[in-house]
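# Reading the structure
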Amino acid sequence: MSRHSEIREMEKKYVYGTWRYENTWNPVIMESGEGCYVTDMDGKRYLDFSSQLMCSNLGHKNQAVIDAITEQANKLCYVAPGFGTVPAAMLGKKLEEITQEGLVKSFLTNGGSEANEAAIKIARMYTGKGKFISRYRSYHGATSGAIALTGDPRTQHAVGMGGVVRAPDCYCYRCPFGKEYPGCGITCVEIIDEIIRMEGPNSVAGVVIEPIVGSNGILVPVDEYVPRLREICDDHEILLIADEVMSGFGRTGKMFCMEHWDVTPDIMSMAKGITGAFLPVGATITSHAIADHFDQPGNLFSHGQTYAMHPMGCAAAIASIKEYEDKKIVENAAKMGRYMEKRLKELMESHKSIGEVRGKGLFWGVELVKDRETKEPFATRKEKFLPTIQKKMSAAAMEKGVYLVNIINHFIVAPPLIVTEKEIDEGIAVLDEVLAIADRETV
Ligand SMILES: Cc1ncc(COP(=O)(O)O)c(C=O)c1O
């Protein structure tokens, strides 16, 4: 048995995989990474065309971040969150600077789910109200509150908190109302107004959205959607909470996705790209009004974790943000995003299995259909955990040296934000080859 197979068997025996049938998990064991590539135990290199889970925004093995982590480790790895540290103070200040005007004070945690748990709790403490509105095609994390907000099939396997009402999605390609933009009156956002009225504004703490829906299909809202949602929330005096865990840190060609519509949320959660995935960190930044509330005597900030404000994570985040700035990585994402869009749209011309490509920056979804006319999908929600044609295609891409995330009926094309045109061409060439598998199944 090769060393690679030995480790694979050991991992399968002793470690749970995530969101899968354990008996079918057959992981490739990765050993190293550099730039836009990762390398397995046999020395085979793969182009990372999805930034792992849309999080390795800075690519792999960034020396500046590694140095910052090492330096912090040599100074102080951990103290209780009751103490302050230089990295925590500096990261909080930096997040205030790079987020939109009006977002000021952060809770610092260890990942996206925890950032959303903090958002839920802060919103409830601040408003004194309990309910949230989220959407069906959404993922907000695996922990109790975050999985309750989540509307995708992963929520069916968990019992989360109560008090979540879900709204239909802004998904023009398959409009839940059977309408067509722009004559639709943006029903998908107006229905949220109606839901709030029906639920009672006095019971709703906030509306939670991924500004561009990530793992549920890279759904880009029409331009009116987010500004109108802000108005609706203001009318009813409820909070707008943006989950930028996946869409933040340059992914869409702006530092944060909400900037595309110049709309500031009351609370914004982030993770993934905050450290380029070099260490697990999340953050929940809040508005002036919320920060002021907790500054008042008697208003308890009733939340915490052992590893809140972890000095190592904070040091990694500060160094990562410096990399985004110094190397103009967000600008590169916008520029390479235009090239990616062109290349993906070319693919659409030669592959009838592509129903739609959509996205912004380096955040693209390729949705597959058996029939362009009827838009019949290859797979639906109930097949999420089953071996779909998309999974077969991703496996074929791996064989050819390209890692590509597939979810239900689409691929997520989201390489590290340092990607070059040449690397985009390399990934597109393999996508071009594996699309033939789906083309053969079209009508
Ligand atoms: C939009 C969004 N929110 C929250 C999460 C959960 O983050 P984590 O897996 O770091 O807990 C994810 C993870 O993919 C996500 O995409």
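In this report, the structure presented in the accompanying data block is examined. (Residues numbered from 1 in each chain as written. Predicted model: local features only at pLDDT ≥ 70, side-chain atom pairs only at ≥ 80, totals over all residues. Heavy atoms only, no water.)

### Considerations on the layout of surface pockets
If you add up the space inside the second largest pocket, you get close to 440 Å³. Lining of the second largest pocket is provided by 24 residues; of these, K105, S106, F107, F301 and M309 occupy positions nearest its centre. Listed by contribution, the elements that provide at least two residues to the lining of the second largest pocket are α4 (86-98), β4 (103-109), β10 (282-287) and α9 (288-295). Grouping the amino acids of the lining of the second largest pocket by side-chain chemistry returns 13 nonpolar, 9 polar and 2 charged. (1 Å grid on protein atoms, 1.4 Å probe; cavity = no way out; pocket = protein on both sides within 12 Å on 5 of 7 lines; lining within 4 Å. Points joined across faces, edges and corners; volume = space filled by probe spheres on them. Helix = DSSP H or I, 4+ residues; strand = E, 2+ residues; numbered from the N terminus. Nonpolar A, V, L, I, M, F, W, Y, C, P; charged D, E, K, R; others polar.)

### A few points about the environment of E441
In this fold, E441 is placed in the segment after α13 (421-439). For E441, a relative accessible area of 48% corresponds to the partly exposed category. Here the alpha-carbon distance between E441 and A68, two residues 373 residues apart in the chain, equals 50 Å. Once residues within four sequence positions are removed from consideration, E441 is found in contact with K370, F378 and I389. (Buried < 20%, exposed > 50% of the residue type's maximum accessible area, 1.4 Å probe, protein only. Contact = heavy atoms within 4.5 Å.)

### What about the sheet that holds strand β7 (residues 204-209)?
In a beta sheet, neighbouring strands pair by backbone hydrogen bonds and run either parallel or antiparallel. Here 7 strands make up an open sheet; going across it, the order is β4-β10-β9-β8-β7-β5-β6 and the pairing mixed. Looking along the sheet, the strands with just one partner apiece sit at the ends: β4 and β6 (164-167). Neighbour-to-neighbour, the strand axes of this sheet turn through a mean angle of 20°, independent of strand direction. Across 3 bridges, strand β8 (residues 239-243) lies against strand β9 (residues 267-270) in parallel orientation. For D243, the partnering residue across the bridge sits in β9 and is S269. Its contacts with the sheet place α4 against β4, β9 and β10, and it is angled at close to 135° to β4. (Pairing = 2+ DSSP bridges. Axes fitted to C-alpha atoms, helices over the stretch in contact; angles between N-to-C directions.)

### Concerning the packing of helix α3 (residues 63-75) against helix α10 (residues 311-326)
At a minimum axis separation of 8 Å, α3 and α10 run at an interaxial angle of 150°. Between α3 and α10, the interaxial angle falls into the category roughly antiparallel. In the crossing of α3 with α10, the sense of the turn from one axis to the other is right-handed. Every residue of α10 that contacts α3 at A64, V65, A68, I69, Q72 and A73 is listed here: P311, M312, A315, A316, A319, S320 and E323. Residue composition of the contact of α3 with α10, grouped by class: 10 nonpolar, 2 polar and 1 charged. (Parallel < 35°, antiparallel > 145°, perpendicular 65-115°, else oblique. Left-handed = near helix turned anticlockwise from the far one by under 90°.)

### Let's talk about the site of the ligand
Inspection of the region around the ligand gives G111, G112, S113, N116, Y139, H140, G141, E210, D243, V245, M246 and K272 as its neighbouring residues. Y139 places a polar main-chain atom, nitrogen or oxygen, 3.4 Å from a nitrogen atom of the ligand. Note that a nitrogen atom of the ligand is positioned 2.7 Å from one of the side-chain N or O atoms of D243. Coverage of the ligand by the protein amounts to 80% of the 390 Å² it exposes when considered alone. Among the elements that take part in the shell around the ligand, helix α5 (residues 112-127) stands out by supplying 3 residues, more than any other. The residue makeup of the shell around the ligand, split by class, is 3 nonpolar, 6 polar and 3 charged. (Near = heavy atom within 4 Å. Polar contact = N/O pair within 3.5 Å; in protein donor to acceptor, adjacent residues only side chain to side chain. Areas by Shrake-Rupley, 256 points an atom, 1.4 Å probe, with all protein chains shown as cover.)

### Concerning empty space enclosed by the protein
Scanning the model with the defined rule gives 3 cavities of 30 Å³ or more in all. Within this model, the largest cavity holds a volume of roughly 90 Å³. In terms of lining, the largest cavity is formed by 13 residues, of which the most central are C172, C175, Y181, C184 and C188. Of the residues in the lining of the largest cavity, the class split is 10 nonpolar, 1 polar and 2 charged. Counted as a void, the second largest cavity has a volume near 40 Å³. If you trace the second largest cavity, you find it lined by R135, D169, C170, P211, V213, L219 and P221. Across the lining of the second largest cavity, the residue classes break down as 5 nonpolar, no polar and 2 charged.

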